[in-house]
Every structure is written in structure tokens, then in C-alpha cells.
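These are the residues of each chain, in order.
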Amino acid sequence: MIYIGTMRILGIETSCDETALAVVEADGGLERPRFRIESSLVASQAELHAEFGGVVPNIAKREHAKNLPILFKQLQTINDKLQTDIIAVTVGPGLEPCLWEGITFAQSLARDLKKPIVAVNHMEGHIASVLLSQNGSEIKLKKENIKFQFPALVLLVSGGHTELVWMKRWLDYEILGETQDDAVGEAFDKVARLLGLPYPGGPEISRLAEKARTRPPKMSKAELLTFPRPMIKSRDLSFSFSGLKTAVLYALKNPPAGGPELDKADVARAFEDAAVEALVFKTIKAVKAKNPETVLVAGGVSANRHLRREMETAVVDISASIPVLYPDPAFTGDNAAMIAAAGYFHTFKKDFVKPEELRAKGRLRLTASAS
Ligand code: KG4
Ligand code: ZN
């Protein structure tokens, strides 16, 4: 089968606590990929898991099984005579019982619709998400006439991953550095829990930290608190966030002497300052070492406003001609449009998988492409 012209891809995502289906129209090939989102549906289970303070795999699996047919019906209602050329499904990394729900759904769809399947790595979905926009396909750049170009340096920041990835082309990945313990999103969630904030904690911490930043300086107690900048002194490009979480725990148990009582916003700000500084520091180190044409930041934590501001300032300081790209806010979190977009790239490599050979791979890593 030769794929030229416009293609329709149906994306399926169930790696964690979001059940998502999407239909994306794509063209332009690997050189000039362009995407138009026909529909992107996400059923979030965050509220269900909130009372447990984190994702409960069996509940998540049950909800995926319940939600997939409901979302599919909605897709059929939106897209009269649902048409698709390819089915793209997340096979990892993620919670295996959850991944299997998406896989078995993809298998039965492939049989019913008689369409080929491509297997997508959830993290390459996050990378592809920078190309998506709610109003069709356009890469939003601050400066006119700057194109997305390879090689690209990608900072992936989510609930399960913190990685710096080098890409010479689509689907070609070299991991330059990664976290040695907790992912940064996990650290946001754990600190939020220490502060008694609801799950998922990232957006809550971010909101409180922004509040603390806009208070008059006299009212801010954040300077009394300075958390360590993890791994900043290490020579490599790895990260570590579990020590930072422990530092927050100790500060809450033994607040700085002589000062007024710390409030949650001060702690959130001091934590966010430290976490973001560590992310930006290592990204800049990689920019200096590798000289990318473009810097991408993707994954759930890429929604963080402080991270976006600090990263842009730091990259511009090195070179005003390196654009920093983030996903549209609608696509920072888990969604299936990004899986469909990554699936488009796999179609060009003819990475088709026989339905019965699909497997969930909980710890799937990004690896270099053969071609
Ligand atoms: O990519 P994602 O939706 O799911 C995974 O693949 O893990 O990322 C979820 C993570 C959670 O840890 C959540 O707290 C974090 O992204 N997150 C944020 C923000 N929004 C979501 N962290 C910091 N600031 C935010 N604004
Ligand atoms: Zn994700």
C-alpha cells in the first residue's frame, strides 16, 4: 500500500488515567507534516483517582473498558460515516492493564474496519503534540519566518518521564539524559500531596506558585526557603527529583526559624523555582553541547507557565534564532490526537503490526530508528 496525499488516522490512547480517541487528517509526509484535528475526545478519570491520591491501575483499566465504546460512539456521531486509513494505538510506556484495553480495542476495530495498525510510543506522541493546534495545523512561532528544523532537542516532562532527547529526524531518538529517580511531574504530584492539595498536583502547585510570585515582595516568605537544585553540579544531563521532594517534607516539618509561618503558596513557589531551574539548567547544557536548530518541551508538565517563561529566556540568551516550541495548551496532557500524529510518521516507515502481534510494553523506551 502506498500512502500519498491526505490520510486519516484514528488514534487510541489508554496508557494512564485518560481514555482518548481522535481522528486526525494528515498530509505533507515526513518533510512537511501538517495535521488537522477532526475530533479529539478525552475522558479524564482524574476525579475518580483523586480520592486515592494517585492512579489506581485496576480502576483505570475498568474505566478505559467502559469509556472506549462510549467515546467511539461519540466519534461516529461527530464524523458521519467514520472514515479512517490507519489505526494508531499507544503500546507503551504506561500501566500495562490500561495499555491492553486500548490494544484489544484497536484489534477489534482493525478487524471490523479492515485497516492497518501502527504501534505508537506514548512519549513520541507527546513529541508530535507540538505540531497540533486546535485550529488546524500550524506551528505557532513567536518570530515570523522561523521554521521547525532538525536537529531538535526535546525536553520530555510528564508524570512518568523526565528526559532530554536528541532528534535528527522524526522517529529518530537518542536519549541524552533522564531522571535517576522520580519524574518531575511525579515530584509536583507528591509535593502537592504533602501540602494537602488535590491530585493531579501539578496544576495546583503551579497556580499557588504564580500567586506567590505576584504578591508584594514584603509579603512573600519564599526567600526564607531555598530548596536544593537537584543534579545541577553533575556533569551529565541526568535529573533527580526525589531529594527535592524530601527537602520539601523536611521544610514542612521544621520550618525556617525566626520567620513567619510558611503558607502553601510560598512552599509551592520555592519548590517550583527549584524544579524548573534544574530542568532549564540541564536543557541549556544540552543546547550548548549539541547546537540544536529547535528546542521542544512536551508532556504534561510543559503546561507549566514558569517553565515556559524560564526556558524561553534561557534559550534566547544563548541564541535568539533557536525557537522554543510547546504544545498548544489543549494538547499538553494525554490525548489521542498526538498518538494519531505520531502514527502518521510510522505509516511512512511502514511500521504496520499484525493485530494479534500487538503487545503492551509498560517500560517501552524511545530508541533510535533503523532508517
Ligand atoms: O503527560 P501527562 O498528562 O501524563 C503522563 O504521561 O504522565 O503528565 C501528567 C503530569 C502530572 O504529574 C501533572 O501533575 C503534571 O503533568 N502537570 C503539571 C502541570 N499540568 C500538569 N505539572 C506542573 N505544572 C502544570 N501546570
Ligand atoms: Zn503523557
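Scroll up to find the structure this text is about.
Let me sum up the structure you'll find in this document. Keep in mind that this is a model prediction, so the values were computed, not measured.

### Some details on the environment of Ile 205
Among the structural elements, Ile 205 can be located in helix α6 (residues 201-213). Residues Ile 205 and Leu 296 lie 91 residues apart in sequence; the distance between their C-alpha atoms is 23 Å. The contacts of Ile 205, once residues within four sequence positions are left out, are Phe 188, Val 191, Ala 192, Leu 195, Leu 197, Ala 268, Phe 271 and Glu 272.

### Here we look at the coordination of the zinc ion (ligand 2)
Protein coordination of the zinc ion (ligand 2) is provided by His 122 (NE2), His 126 (NE2) and Asp 334 (OD), with donor distances spanning 2.0 to 2.1 Å. One chain supplies every donor to the zinc ion (ligand 2), and in sequence these donors are spaced H-x3-H-x207-D. Here His 122 pairs with His 126, and both are found in helix α4 (residues 122-128), just 4 residues apart, close to one helical turn. Accessibility expressed as a relative area gives 6% for His 122, which makes it buried.

### Focus on the packing of aromatic side chains
Scanning the entire structure with this criterion turns up 9 aromatic pairs. Relative to Phe 345, the ring of Trp 170 lies with its centre 4.4 Å away and its plane at 15°, an arrangement referred to as stacked. A residue pair is termed long-range when its members are at least 10 positions apart, and Trp 170 in the loop between β7 (162-167) and β8 (174-178) and Phe 345 in helix α10 (residues 337-348) qualify at 175 residues. Comparing Trp 170 with Phe 345 shows no difference in burial state: the two are buried. Ring plane angle 85° and centroid distance 5.0 Å describe the contact between Tyr 344 and Phe 348, whose orientation is recorded as edge-to-face. Highlighted residues: Tyr 344 and Phe 348, both in helix α10, separated by 4 residues, approximately one helical turn. Take Tyr 344: its relative accessible area is 1%, and that puts it in the buried class. Here a set of aromatic residues connected by ring pairs shows up, and it is made of Phe 35, Phe 150, Trp 170, Tyr 344, Phe 345 and Phe 348.

### Thoughts on the environment of Pro 323
Relative to the assigned elements, Pro 323 resides in the loop between α9 (305-318) and β10 (324-325). Separated by 29 residues in sequence, Pro 323 and Thr 294 have C-alpha atoms that sit 5.3 Å apart.

### Quick look at the state of the cysteines
In this structure the tally under the stated criterion is 0 disulfides. No disulfide involves Cys 98; its sulfur sits 6.8 Å from the nearest other cysteine sulfur, which is in Cys 16. Cys 98 gets classed as buried once you look at its relative accessible area, which sits at 0%.

### So, the sheet that holds β8
Strand order across the open sheet formed by 5 strands is β8-β7-β6-β9-β10, with mixed pairing between neighbours. Edge positions in the sheet fall to β8 and β10, since each has one partner strand and no second. Examined bridge by bridge, β7 and β8 share 4 bridges and lie antiparallel to one another. Directly across from Leu 164, in β8, lies its bridge partner Gly 177.

### Considering the pairing of strand β3 (residues 34-44)
Taken together, the 10 bridges between strand β2 (residues 18-27) and β3 define a ladder with antiparallel strand orientation. Residue pairing across strands places Glu 25 opposite Arg 36, the latter belonging to β3. Hairpin remark: β2 followed by β3, antiparallel, with 6 residues in the connecting loop; positive phi at Gly 28, about 95°.

### Examining the environment of His 126
By relative accessible area, His 126 is classed as buried at 1%. Put simply, His 126 and Thr 77 are 49 residues apart on the chain and 27 Å apart in space, counted from C-alpha to C-alpha. When sequence neighbours within four positions are dropped, the list of residues in contact with His 126 reads Leu 156, Ala 298, Gly 299, Gly 300, Thr 332, Gly 333, Asp 334 and Met 338.

### Topic: the site of ligand 1
Residues in contact with ligand 1 amount to 18 residues; listed here are only the nearest, His 126, Gly 159, Asp 189, Gly 202 and Gly 300. At a separation of 3.1 Å, an oxygen atom of ligand 1 approaches a polar side-chain atom of His 122. Backbone polar atom of Gly 300 to an oxygen atom of ligand 1: 3.0 Å apart, as the coordinates give it. Protein contact buries 85% of the 560 Å² of open area that ligand 1 shows by itself. The cavity that encloses ligand 1 is the largest pocket. Where the shell around ligand 1 is concerned, the elements lending two or more residues are α4, α5 (184-194) and α6. Residue composition of the shell around ligand 1, grouped by class: 4 nonpolar, 12 polar and 2 charged. Of the domains in this structure, domain 1 (7-134 + 330-357) and domain 2 (152-327) are the two that each give at least three residues to the shell around ligand 1.

### Observations regarding unusual backbone geometry
For the peptide bond that leads from Gly 92 to Pro 93, omega is -10°, which places it in the cis range. In this model, Phe 150 is joined to Pro 151 through a cis peptide bond whose omega is 0°. One can find Pro 151 in the loop between α4 and β6 (152-157). Here the phi dihedral of Leu 171 falls at roughly 70°; this positive angle occurs in a residue that is not glycine. Of note, Leu 171 is situated in the loop between β7 and β8. Looking at Leu 171, the relative accessible area reads 4%, which means it is buried.

Cut-off values and rules
Residues numbered from 1 in each chain as written. Chains lettered and ligands numbered in written order. Predicted model: local features only at pLDDT ≥ 70, side-chain atom pairs only at ≥ 80, totals over all residues. Heavy atoms only, no water. Helix = DSSP H or I, 4+ residues; strand = E, 2+ residues; numbered from the N terminus. Contact = heavy atoms within 4.5 Å. Donors = N, O, S within 2.8 Å, 3.2 Å for Na, K, Ca; no water. Buried < 20%, exposed > 50% of the residue type's maximum accessible area, 1.4 Å probe, protein only. Phe/Tyr/Trp six-rings, centres within 6.5 Å; stacked < 30°, edge-to-face > 60°. Disulfide = S-S within 2.5 Å. Pairing = 2+ DSSP bridges. Near = heavy atom within 4 Å. Polar contact = N/O pair within 3.5 Å; in protein donor to acceptor, adjacent residues only side chain to side chain. Areas by Shrake-Rupley, 256 points an atom, 1.4 Å probe, with all protein chains shown as cover. 1 Å grid on protein atoms, 1.4 Å probe; cavity = no way out; pocket = protein on both sides within 12 Å on 5 of 7 lines; lining within 4 Å. Sits in = over half its atoms within 2 Å of the grid points. Nonpolar A, V, L, I, M, F, W, Y, C, P; charged D, E, K, R; others polar. Domains from an automatic or database assignment.

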